[in-house]
Amino acid sequence: MEYREYKPHPLLDAYIVCYWSALADSPPFRERESLIPDGTTEFMFNFGDPYHQLQGDVPATVKGAHIIGIRKRSLIISQTTRQDFFCIRFRAGGPFALFGVPAHLFAHGFYDMRDVVGTWVGELEEKLFEAVDNDDRVRITDRYLLERLGTGMEEHTFVRRCVSGLLKGGGVARVLSDAGVTYKTLERRFHRVLGLSPTELVRIHRFNNAVHAMYSGRHASLTSVGHACGYYDQAHFIRDFRYLTGYAPLAFLKEQFTIVQVIQPALAERLSKLYNF
């Protein structure tokens, strides 16, 4: 499989992690793969074959231009046929800043892109399909997104400041005091901009730090990983992992999900910056 990432225009960097492409006649994925909750929303332009979301053993076909909303738990997919993607990986809150659509309306699931952000996406999809290469696709996508910049930027900036305070370890009480709002107001704004509550955001960020630590090889044991990533104890570590992935940490490692391993370089870079998960 050929997987590449591309930088967005500098004015879009606060909202987009990267553009990425994936091309394969036969992807190296298993029959069931896990899309872990990583704080991102993906806008997926699929020029290859349809794939499936698995709910239990029931497959639901996913095709064309679609959105994978910010995930609160792992989603399971099956993707073993021809792959040809060009995609936008948004930072948490990025889609709201550009389009002003409340993120909780398209969280934790697969959605038709036109239903969420409008029919103009059809024109963008056509131009991306006709582009000469992925560098051309990057220029086209930059142009379309820059035209929409500003819709929800003010509220996004407020929530981003609050996220920064939370992830620095300031605690909810300190964030509320600094922002001058009640918890109910903060939660409502988080749901609109991020699609997550403050508690869910902290849980997912801590989990991603743990996933990266588990794959880094820098820790002698999973107990050490849990301690380093801020879990109260091993039971807390296992409970959160089961809730978010359906697996205990050791069982998750043993599964060796291909997609999880593929995103590790991107995950490491994402976690190296404060508001970049």
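Structure: above.
All values derive from a computational prediction rather than experimental measurement.

**A few points about helix H7 (residues 183-193)**
And then number 1: Taken as a whole, H7 has its buried residues at Thr185, Leu186, Phe190 and Val193. Projected onto a plane normal to the axis of H7, the buried residues spread over an arc of 135° and lie on a single side.
And then number 2: Buried residues belonging to H7 abut helix H1 (94-99), helix H5 (153-167), helix H6 (171-179) and helix H8 (198-216).
And then number 3: Gly195 lies just past H7 and shows a positive phi near 85°.

**With respect to the sheet that holds strand E6 (residues 58-62)**
And then number 1: Strand order in the open sheet made by the four strands is E3-E8-E5-E6, with antiparallel pairing throughout. The open sheet has two free edges, formed respectively by strand E3 (33-35) and E6, since each of these has just one partner strand. Strand-to-strand twist of the sheet, defined as the mean angle between neighbouring strand axes without regard to direction, takes the value 40°.
And then number 2: Bridge count between strand E5 (residues 51-55) and E6: five bridges; the pairing is antiparallel.

**Regarding the sheet that holds strand E1 (residues 2-6)**
And then number 1: Read from one edge to the other, the open sheet built from six strands follows the order E1-E2-E9-E4-E7-E10, with strand pairing classed as antiparallel. The open sheet has two edge strands, E1 and strand E10 (110-112), and neither has a second partner. Across the sheet, the mean angle separating the axes of adjacent strands is 20° when strand polarity is ignored.
And then number 2: Here strand E4 (residues 41-46) pairs with strand E9 (residues 83-90) via six bridges, running antiparallel. Among the inter-strand pairings, Met44 is bridged to a residue of E9, identified as Cys87.
And then number 3: Contacts between helix H3 (residues 120-130) and the sheet are confined to E4, strand E7 (65-68) and E9, with E4 contributing the most and set at about 60° to the helix.

**Some remarks on the packing of aromatic side chains**
And then number 1: Across all of its chains, the model carries 16 aromatic pairs by this definition.
And then number 2: Ring geometry for Trp20 and Phe85: centres 6.2 Å apart, planes at 45°, overall tilted. You can see Trp20 sitting in strand E2 (residues 16-24) and its partner Phe85 sitting in strand E9, a full 65 residues away along the chain.
And then number 3: Among the residues examined, Phe85 registers a relative accessible area of 2% and is labelled buried.

Rules used throughout
Residues numbered from 1 in each chain as written. Predicted model: local features only at pLDDT ≥ 70, side-chain atom pairs only at ≥ 80, totals over all residues. Heavy atoms only, no water. Buried < 20%, exposed > 50% of the residue type's maximum accessible area, 1.4 Å probe, protein only. Helix = DSSP H or I, 4+ residues; strand = E, 2+ residues; numbered from the N terminus. Arc of directions from axis to C-beta. Contact = heavy atoms within 4.5 Å. Pairing = 2+ DSSP bridges. Axes fitted to C-alpha atoms, helices over the stretch in contact; angles between N-to-C directions. Phe/Tyr/Trp six-rings, centres within 6.5 Å; stacked < 30°, edge-to-face > 60°.

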